[in-house]
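Structural features, examined
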Amino acid sequence: MYAPVNEKVPFLWHGGDYNPEQWPRETWQDDFKKMQQAGITSATVGVFSWVSLQPAEDTFTFEWLDEILDGLHEHGIKAILATPSAAQPAWMSAAYPDVLRSDDHGHRKQHGQRVNYCPNSPNYRRFSQDIARRLAERYKDHPAVILWHISNEYGDFCYCDTCAEAFREWLKAKYGTLEELNHRWWTPFWSHTYTDWSQIMPPRAQAEVLTHGLNVDYFRFMTDSQLDCYRHERDTIRAITPDIPITTNLMGAFKPLDYRKWAKEMDVVSWDCYPRPADSPGQIAFLHDLMRGVKDGQPFLLMEQTPSSQNWQAINALKRPGVLRLWSYLAVAHGADSVMYFQWRRGRGGCEKLHGAVLEHAGRTDTRVFREVSQLGAELQQLGDSVIGATVDARVGIVFDWDNWHALDDAIGPVRDKRYREIVTKHYLALYRKNIPVDIIFPDSDLSQYEIVIAPMLYMVKEGFAEKVEAFVQGGGSFVSTNFTGLVDETDLAFENGYPGPLSNVLGIWVEEIDALYEDQTNQIVMKDGGATYTCGHMADLLHTEGADVLAEYGTDFYVGMPVLTKNSFGDGAAYYIASDPEASFLDDFYGTLLNEHDIQSEWDLPEGVEISQRHTDDQVITFVLNHNSESVTIDLGQTIYSDLLGGEEVSGEVHLPPYDVRILATTRAASS
Amino acid sequence: MYAPVNEKVPFLWHGGDYNPEQWPRETWQDDFKKMQQAGITSATVGVFSWVSLQPAEDTFTFEWLDEILDGLHEHGIKAILATPSAAQPAWMSAAYPDVLRSDDHGHRKQHGQRVNYCPNSPNYRRFSQDIARRLAERYKDHPAVILWHISNEYGDFCYCDTCAEAFREWLKAKYGTLEELNHRWWTPFWSHTYTDWSQIMPPRAQAEVLTHGLNVDYFRFMTDSQLDCYRHERDTIRAITPDIPITTNLMGAFKPLDYRKWAKEMDVVSWDCYPRPADSPGQIAFLHDLMRGVKDGQPFLLMEQTPSSQNWQAINALKRPGVLRLWSYLAVAHGADSVMYFQWRRGRGGCEKLHGAVLEHAGRTDTRVFREVSQLGAELQQLGDSVIGATVDARVGIVFDWDNWHALDDAIGPVRDKRYREIVTKHYLALYRKNIPVDIIFPDSDLSQYEIVIAPMLYMVKEGFAEKVEAFVQGGGSFVSTNFTGLVDETDLAFENGYPGPLSNVLGIWVEEIDALYEDQTNQIVMKDGGATYTCGHMADLLHTEGADVLAEYGTDFYVGMPVLTKNSFGDGAAYYIASDPEASFLDDFYGTLLNEHDIQSEWDLPEGVEISQRHTDDQVITFVLNHNSESVTIDLGQTIYSDLLGGEEVSGEVHLPPYDVRILATTRAASS
Amino acid sequence: MYAPVNEKVPFLWHGGDYNPEQWPRETWQDDFKKMQQAGITSATVGVFSWVSLQPAEDTFTFEWLDEILDGLHEHGIKAILATPSAAQPAWMSAAYPDVLRSDDHGHRKQHGQRVNYCPNSPNYRRFSQDIARRLAERYKDHPAVILWHISNEYGDFCYCDTCAEAFREWLKAKYGTLEELNHRWWTPFWSHTYTDWSQIMPPRAQAEVLTHGLNVDYFRFMTDSQLDCYRHERDTIRAITPDIPITTNLMGAFKPLDYRKWAKEMDVVSWDCYPRPADSPGQIAFLHDLMRGVKDGQPFLLMEQTPSSQNWQAINALKRPGVLRLWSYLAVAHGADSVMYFQWRRGRGGCEKLHGAVLEHAGRTDTRVFREVSQLGAELQQLGDSVIGATVDARVGIVFDWDNWHALDDAIGPVRDKRYREIVTKHYLALYRKNIPVDIIFPDSDLSQYEIVIAPMLYMVKEGFAEKVEAFVQGGGSFVSTNFTGLVDETDLAFENGYPGPLSNVLGIWVEEIDALYEDQTNQIVMKDGGATYTCGHMADLLHTEGADVLAEYGTDFYVGMPVLTKNSFGDGAAYYIASDPEASFLDDFYGTLLNEHDIQSEWDLPEGVEISQRHTDDQVITFVLNHNSESVTIDLGQTIYSDLLGGEEVSGEVHLPPYDVRILATTRAASS
């Protein structure tokens, strides 16, 4: 169990992005009153407000912000105070062009849009630090401020000459000598050997984009560069307000930045949840678990979600009635300690003026959305601190790795589309469907708290990971691995002992060849115990056992009869290898068996589309029952007697849930298994 | 009824683009004779001839043009004389690089292709004015010249620094202060506030492309910039030849230029009709009506069409036998006072050498195309001045607006593809199928001459328009509006009273939310009178009546039972709102009822694919009967006795039309209803 | 019959690309031993080794190469020695930026990737010549070296200013005067007339890309520029080692370079065979025949193929067991005198580390691929010199022309996608299915050795070709031509006498119009003799006979009854015109009849998927029986008695072939018909 983000406000925050600087003063009072009406307890202010705070290099205009913070405070609303550094003012780009980002050709962009700064620009660093310092000093004692929100949605890469030079320094620190770099990047290939550090350039289009070691290092360097921007502001602020926690808003499975590194630098993870239209609840749950995982299980803040619809998808359907509430509790069930929105009020202009908001352009409160938000606000108040800091207790971990993701997508062959995120999610969903809690973990995670560790398609195996897996299995754990695992080390250099490289020992196999299957082509997984036969596809490893047992064989093609599922008993545990991408029902059955062996089961037998997830405090288990169906369902909770945190009554046995409905039930820890 | 374009040639011109400068002199006499043979009465010369007229800055070579104009005149053929400014010579681009256009990254293009000049380039303006002046002075008394054709197919944007500076001046004139501009463009969003005019740049890719007010203003500025080029040449010429009318060739529903503004500056609209392969006759008719509409109903010139096939589509099928004649009369029926072609003779080289022409590369006259052109030439001669200046008399107007088109396509959400042109055409086609004449009108049009005004998807409602609609409805008119109407004002700023903004009063509704439907998703329009049920899709407004009656409700989804068709009685008229995009049969029925109420009906009951359109002179009605089918049809013209302008005989009752055939029938105005 | 490539090694070479500079010295001995084990007889070294040989402008490090060549020699392995000029070292790009290639906007690329040099760069020419000279001098007497391999896979275009200037010189030499150039390029169109040579630029994007004559000339110029690079190195080497043959590796139907020109400059053609996943054996055979054809029938070297899978397709399936052997013999059957691979050993890094190789990353020899390679090595040894220098004797020639390909794809209209390669292959496959040997020939080829010459879609007809065809037909040959033939001359200027231009006389037809058919649209070919009816599509010429007989007519549409297949008797032969793109069965029947008339038949009646191809030595016929099916087949070889070159026994009558199996059978020339 964790402490609240801010001890002074130990409840589920209900808030949203608020940009009063876009509106005349007369709107502000209207905002405050309607926020109260909607049960809003926090407002995120200052995001993208740079030019409104600093309209010229030597001019500062904090007065409007003073007034806003005071107004919020007077109305009992807390403030999440953002630094404005996600979009520099035009005057800065004009006076100091080095602040502008360069595109992947190395061409400096012109001013505009957002997140358009070079993360290594000395002037950007100087100005962003300065405005952060001024904000911290001015508001360090303001009673409304409960959290710092540094910048906004860091992301994407710069390829300018400043970055090129900084990259070279980063590489010198990493590799020491050009000889070592040339070796790790395998540069004699195509005569790419560097004979001077100055020859190394960012992977600009039409320049060197085919040296995989360089590419994955540039990703790491860009993560570090942007993280440096964050740290620069954070350290400045922390020195002034050591007691106010600091975050920045992440974006889930966002490929350009390695959030595992970021989480270590944040007091609390917060993130903006904008599912794609086709995402299922399980896929959204995966993202929440990922955001909980990057900080080793600590609860996170749901910083942004739309109250009604997004605007930047091709088709932006409205959230159906009840879905805002359902998905808000889905977040809470998976570790969120807040429910917040982008945005409080739709701007009259700007490219997000048609994005969903609590208040529409008409500013009316007699709307479906306002009603749903207000109802949710009331419920959150009712929940009080009951789930704050509560943990999700998982015995299964799934390994996810940003470096691996980049390296995979960069690898040329055997198939272009590696589907890493899709395949990790596929394994996750097999467990989600069984209502088994899962932690998303990382190559540097401690494995000892898990009984089952799954590492799908771990193409890149970093130093020390194999040893850790061996110890984990030795101690009784089950390790599950899949095809296309263990090809390269962390600089994308292929292992010399073949695949799965350093995992060969624990897996007891050798992969001789890798076949690629066309879209409409499948093979079969034929269980040797006479059980079911499943289809598989995408890629197929042709492997030989070197100690492992064969649990299933390919059913067709020239490699019929070769192993497709192996199990290597190793110490007290076992390591499994699934040599091709199986259909979902295989994973249902495979994990069903494996979970049984570890005696990990859900206690409920639920109809499709109903999820039960739990969070644990020191003395209670909070059980979230989520009906993701658009129809009513009746479920059987069994004999345990729960207390309904929203309704107040006691609940057990058969429970009826209307479409999209949620029940939040508490038991004392003794009562839960 | 209008005067002929040129009083000296009061008949349907039959001509085409003619580029003798590409050919040796010996071809010219062959051309003249074959033109006579084909009944060609005008030739458009000088288009793209700049380097042939001015091979160096101080060298002019008009002699060949002298000879051509004399030759045409000697053979009784008139000349439409073009200024050559649509493609500058290479020497000019080399000596004065500012004449070159810049791409949307602001990079100056290199010389080549066509329409490759910067419209704000001082040197381009100087040279284009100079060559226009020289042409006007040299040929001001030439008896062949009947019309000036300024440049060719103006279009598309330049993003250079010259334009950037001119844009800033344009903005200063429009907004006066940066404060006003910042307000109208809602720039505090994402810290986009301008603190100096110099910070404003064209919407270059990778610069500021997300400020919608800027984008729509840049479109307006580019329309104005190019129109200035036109005016520059036009005024120079008019001062020299005040009696020769002046035009430039437009391109129908061409998005980059607001032709409503252009038409006001042209003595006669002319346009180049190149339908897309899948365009139906009704869609082509829409374009003709649009080109008649931009100049408030004045007949136009069909400046270009292909006699056989285009070359720049993915697949360029031949016009089937008879279709050239049919589509030529389709143009005339909808307001054209000419039938002209691109091109007289296929060039031996150049990227249009495979475009259709009257003369193919072999130069033979024993071809299908030459025969069809010649037959048409003979008929046009027979028609004489019978339709010249005749009007199309419509009681229904459909509003089209270029600014709205740009703003719509720029809007982010609720769906990416707004389908404005498609949806306007869909409403048009419902009336076209009933043979009801329609005027395409604009927000600045006089509505008082119509009984029904339809404004599909008028996202942007400009100042004064709502008041005009109110007066129109008050006076008994029917106003029809659709979903996604009335969101923003003319600088793309959302209305503060919600949607449909200033049209709320006359429509008697409030739109609370907008749902977006996936491609394969539909809802239903359930008529409350127990009538039919229709499907609808794309978007769905969730609205509340505020005075209006509900004529139909949604049939499914969470907004089942909410209004989808409303009628607000207002003064002597009514305003309708169709809240989603309906299937075509709904529009057939809806407009059928509405037309009945206004007693607007076609007098004929025609089989599918047969069109009857009419033009009105002071004393006659010319009735065009067009069989768009590839099969014969028999129609019943009723008891009215028509005189056949081509056959000469009298016609009434049953008439047989072979595939693609046309009958052109005259009645005195008394005889027509 | 031809001499061996190198008289000293008169057998089928078995080898592959070998890059020891990527590996530590200890790997080298392992390589040599495993090469011996796999029956490898040659290794291609030095490709892309520039920086390893010349790490700085004045530093040379040949020692490792000395050691490698000695090591190969000691193990009885020959060396194909490459010059390293396909990728310059980074130090060269940094010090002499003119060596870098420019993209199609004329922007200089940055250093990286490969084939990234400007072919007209003086510094590139100087350095590449210098390293070639040093290699030749150092290794001129090395006993391992059997062939020079200049650079690697020349290709694609540069658009820099150096090239622009060289292009102008090239044009001056070709056209003499600007007047002539302006005429041939038809520049008065769109005012493109050049008034100074300096105005001519490469066809850069956003510059002049629509002057077809310029475009096809730039292609020719780029072919010549790169060929100059090759000649530069070749001549340097040849002066030092006059007795070692010289090649460079081509890439089959590679559009950017006219290999017909290249072949004339090469002692032996070599090429890299990487079929697309969907390519059938017949399509691969076409490429081999093309590579044999560019050098008028001389056997070629199969320089590269993958032993297992490619890596750069979207999906890279493994070659099924037996397919490596089958496709290797397919190459030999069509004229290859070698079987070689890319690559010997997978690199640990670099973008081709997942490309197939003889040795996988594990370096193990107990793999399927190593076994298949070794088995093949043993067989090749058994075959000895039996097929070396043997010819393919064809009586049918199919015309292919790179200039025509470029001009076709550049032509705008009647359809965008001209499908030249696809249509040429379609005609080829009709003969391939009948096991009739075909030569791929060119407009400059001698036609006299053929009885049937097929020239599909010869849009561009070069000077002299029509006369040659007339003489060929006069002498009894059959000439087959198709729609869209004879439109333009070699500068892309349309013929003035209509289509098919200079071929009108021999074909006896005039094409009046060209229709374009939509994807799902077809017409019919109705044989006038009452035979079958076939479908046709894509394009349809509407033609009139002028002497020719009509063999078939269109079956539908407005041109029903017009000729679609004509035959013009001309002297002792006949010329055929197929006016639309027919379905394959038409070509089966049409060529069936035509071959019968010429008494050209295959002697075997084979099941589908079984190919028999033959090569001829002075005294023997080598018959390759290839079962392309994944199932076994039994075929009947008839009464001829063959001797099996691999098995040793005599073979006749029924022969059983397992899946993918090959039989190589010899008969004395008397025995073969």
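Note that the structure is a prediction, hence the values are computed from the model and not measured.

So, the overall build of chain A
- Counting its regular elements, chain A contains 17 helices and 27 strands.
- With the C-alpha coordinates of chain A rotated into their principal frame, the extents come out at 75 × 75 × 40 Å.
- Out of the 673 residues in chain A, the part that is buried amounts to 67%.
- Across chain A, every contact between residues at least 6 apart in sequence was considered, and the portion connecting residues at least 24 apart equals 72%.
- Taken as a whole, chain A presents about 21300 Å² of accessible surface, with 47% of it coming from carbon and sulfur.
- For chain A, the centre of its 56 positive side-chain charges and the centre of its 98 negative side-chain charges are spaced 7 Å apart.

Some thoughts on the relation of the copies chain B and chain C
- Least-squares fitting of chain B to chain C yields an RMSD of 0.1 Å, with the transformation described by 0.1 Å of translation along the axis and a rotation of 120 degrees. This pairing of chains is accounted for by a three-fold axis. When C-alpha distances to the rotation axis are compared across chain B, the minimum falls at H107(B), with a value of 6.7 Å.

A short note on the domain arrangement of chain A
Residues and elements named next belong to chain A.
- The domains assigned to chain A are domain 1 (13-156 + 238-382), domain 2 (396-597) and domain 3 (610-672).
- Taking the mean C-alpha position of each, domain 1 and domain 2 sit 38 Å from one another.
- Contacts between the two partners involve 24 residues from domain 1 and, on the opposite side, 18 residues from domain 2.
- Summed over both sides, the interface between domain 1 and domain 2 buries roughly 1800 Å², with carbon and sulfur atoms accounting for 60% of that surface.
- For the domain 1 face of the interface with domain 2, the top three residues by lost area are K255, R260 and F286, together amounting to 37%.
- The interface formed by domain 1 and domain 2 holds 4 salt bridges in total.

Details of the packing of helix α10 (residues 281-293) of chain B against helix α11 (residues 323-333) of chain B
Residues and elements named next belong to chain B.
- The contact between α10 and α11 brings their axes to 9 Å, and the two run at 40 degrees. One way to sum up the angle between α10 and α11 is to call them oblique. Crossing handedness for the pair α10 and α11: right-handed. Note on element contacts: α11 touches α10 through W327, L330 and A331, opposite P281, I284, A285 and H288.

Comments concerning the sheet that holds strand β7 (residues 270-272) of chain A
Residue and element names in this part refer to chain A.
- Strand order across the open sheet formed by 3 strands is β6-β7-β8, with parallel pairing between neighbours. Each edge of the open sheet carries a strand with a single partner, namely β6 (249-250) and β8 (301-304).
- In this sheet, β7 lies alongside β6 in parallel orientation, the contact comprising 2 bridges. Note that in β7 the partner of L250 across the bridge is W271.

Some remarks on the environment of F60(C)
All names here are of chain C.
- Mapped onto the elements of the fold, F60 is located in the loop between α2 (50-53) and α3 (63-74).
- C-alpha of F60 to C-alpha of W50: the two residues are 10 residues apart in sequence and 9.7 Å apart in space.
- Each residue touching F60, except ones within four places of it in the same chain, is listed here: L53, Q54, D130, I131 and R134.

A closer look at the interface of chain A and chain B
- Tallying the contact residues gives 50 residues for chain A and 51 residues for chain B.
- Between chain A and chain B the total buried area reaches about 4500 Å² when both faces are included, carbon and sulfur atoms providing 54% of it.
- It is Q113(A), R348(A) and C351(A) in chain A that bury the most area against chain B; as a group they hold 18% of the surface buried on that side.
- For the pair chain A and chain B, the interface holds 6 salt bridges.
- Between R348(A) and E496(B) there is a salt bridge, and its shortest N-O distance comes to 3.7 Å.
- Taken together, chain A and chain B are joined by 27 residue pairs in polar contact (both at pLDDT 80 or more).
- Breaking the side of chain A that touches chain B down by element, the ones donating at least two residues are α2 (50-53), α4 (90-95) and α12 (368-383) of chain A.
- Among the elements that make up the side of chain A that touches chain B, the one with the highest residue count is α2(A) (3 residues).
- Considering only residue class, the side of chain A that touches chain B consists of 20 nonpolar, 17 polar and 13 charged.

Some remarks on the nonpolar core
- Of all hydrophobic cores here, the largest spans 215 residues; its most connected members are L72(C), F400(C), F479(C) and Y591(C).
- Considering every element that reaches this core, the biggest residue donor is helix α8 (residues 212-240) of chain C, with 10 residues.

Quick notes on the environment of N629(A)
Residues and elements named next belong to chain A.
- Summarising the element assignment, N629 is placed in the loop between β22 (620-627) and β23 (633-636).
- Sequence separation between N629 and P658 is 29 residues; the distance between their C-alpha atoms is 8.8 Å.
- Setting aside chain neighbours within four positions, we find N629 in contact with E608, G609, V610, P659 and Y660.
- Looking at N629, its side chain comes within polar contact range of the main-chain oxygen of E608, at 3.0 Å.

Focus: the UniProt feature "domain: Beta-galactosidase trimerisation" (unreviewed entry) in chain A
- Residues annotated in UniProt with the feature "domain: Beta-galactosidase trimerisation" (unreviewed entry) correspond here to residues 394-600 of chain A.
- Secondary structure content for residues 394-600 of chain A is 24% helix and 32% strand, and the end C-alpha separation is 10 Å.

Focus: the packing of helix α1 (residues 25-37) of chain C against α3(C)
Residue and element names in this part refer to chain C.
- As a packed pair, α1 and α3 sit with axes 10 Å apart at the nearest point and diverge in direction by 25 degrees. Between α1 and α3, the angle falls in the class roughly parallel. Crossing of α1 against α3: the hand is right-handed. The segment α1 lies against α3, with R25, W28, F32 and M35 engaging W64, E67, I68, G71 and L72.
- Of the residues contributing to the contact of α1 with α3, the split by class is 6 nonpolar, 1 polar and 2 charged.

Quick word on the pairing of strand β1 (residues 13-17) of chain B
Residue and element names in this part refer to chain B.
- For β1, the buried fraction is high: 5 of the 5 residues fall into the buried class.
- Two strands pair when backbone bridges link them, and β1 and strand β9 (residues 338-341) are joined in this way by 4 bridges, in the parallel orientation. Looking at the pairing, W13 lines up with S338 of β9.
- With 3 bridges connecting them, β1 and strand β2 (residues 42-45) associate as parallel partners. Its bridge partner lying in β2, G16 is registered against A43.
- In terms of handedness, the path from β1 via helix α1 (residues 25-37) over to β2 forms a crossover that is right-handed.

What to know about the pattern of salt bridges
Residues and elements named next belong to chain A.
- A full pass over the atoms with the stated rule returns 161 salt bridges over all chains.
- Linking E451 and R395 is a salt bridge whose minimum nitrogen-to-oxygen distance equals 2.8 Å. Of the two residues, E451 sits in the loop between β11 (438-441) and β12 (452-455) while R395 sits in the loop between α12 and β10 (396-399), which places them 56 residues apart along the sequence.
- A relative accessible area of 24% places E451 in the partly exposed class.
- The class of R395 is partly exposed, set by a relative accessible area of 34%.
- By sharing partners, the salt bridges in this structure join K174, D217, R220, D401, D403 and K462 into a single network.

What about the sheet that holds β9(B)?
All names here are of chain B.
- Taken together, 6 strands build an open sheet; the order of strands is β5-β4-β3-β2-β1-β9 and the sheet is parallel. Of all strands in the sheet, those with a lone pairing partner are β5 (246-247) and β9, marking the two edges.
- The sheet contact formed by β2 and strand β3 (residues 78-82) spans 4 bridges and is parallel. Paired with V45 across the strands is L81, a residue of β3.
- Along the sheet, helix α12 (residues 368-383) makes contact with β1 and β9, crossing β9 at roughly 160 degrees.

Rules used in this analysis
Residues numbered from 1 in each chain as written. Chains lettered and ligands numbered in written order. Predicted model: local features only at pLDDT ≥ 70, side-chain atom pairs only at ≥ 80, totals over all residues. Heavy atoms only, no water. Helix = DSSP H or I, 4+ residues; strand = E, 2+ residues; numbered from the N terminus. Buried < 20%, exposed > 50% of the residue type's maximum accessible area, 1.4 Å probe, protein only. Contact = heavy atoms within 4.5 Å. Areas by Shrake-Rupley, 256 points an atom, 1.4 Å probe, with all protein chains shown as cover. Lys, Arg positive; Asp, Glu negative; His and termini not counted. Charge placed at Lys NZ, Arg CZ, Asp CG, Glu CD. Least-squares fit on C-alpha atoms with pLDDT ≥ 70 in both. Domains from an automatic or database assignment. Buried area = accessible area lost by both parts, 1.4 Å probe. Salt bridge = Lys/Arg side-chain N within 4 Å of Asp/Glu carboxyl O. Axes fitted to C-alpha atoms, helices over the stretch in contact; angles between N-to-C directions. Parallel < 35°, antiparallel > 145°, perpendicular 65-115°, else oblique. Left-handed = near helix turned anticlockwise from the far one by under 90°. Pairing = 2+ DSSP bridges. Polar contact = N/O pair within 3.5 Å; in protein donor to acceptor, adjacent residues only side chain to side chain. Nonpolar A, V, L, I, M, F, W, Y, C, P; charged D, E, K, R; others polar. Core = buried A, V, L, I, M, F, W, Y, C linked by side-chain atoms within 4.5 Å. UniProt positions renumbered as here; feature names shortened; annotations may be inferred. Right-handed = clockwise from strand over helix to strand, strands pointing away.

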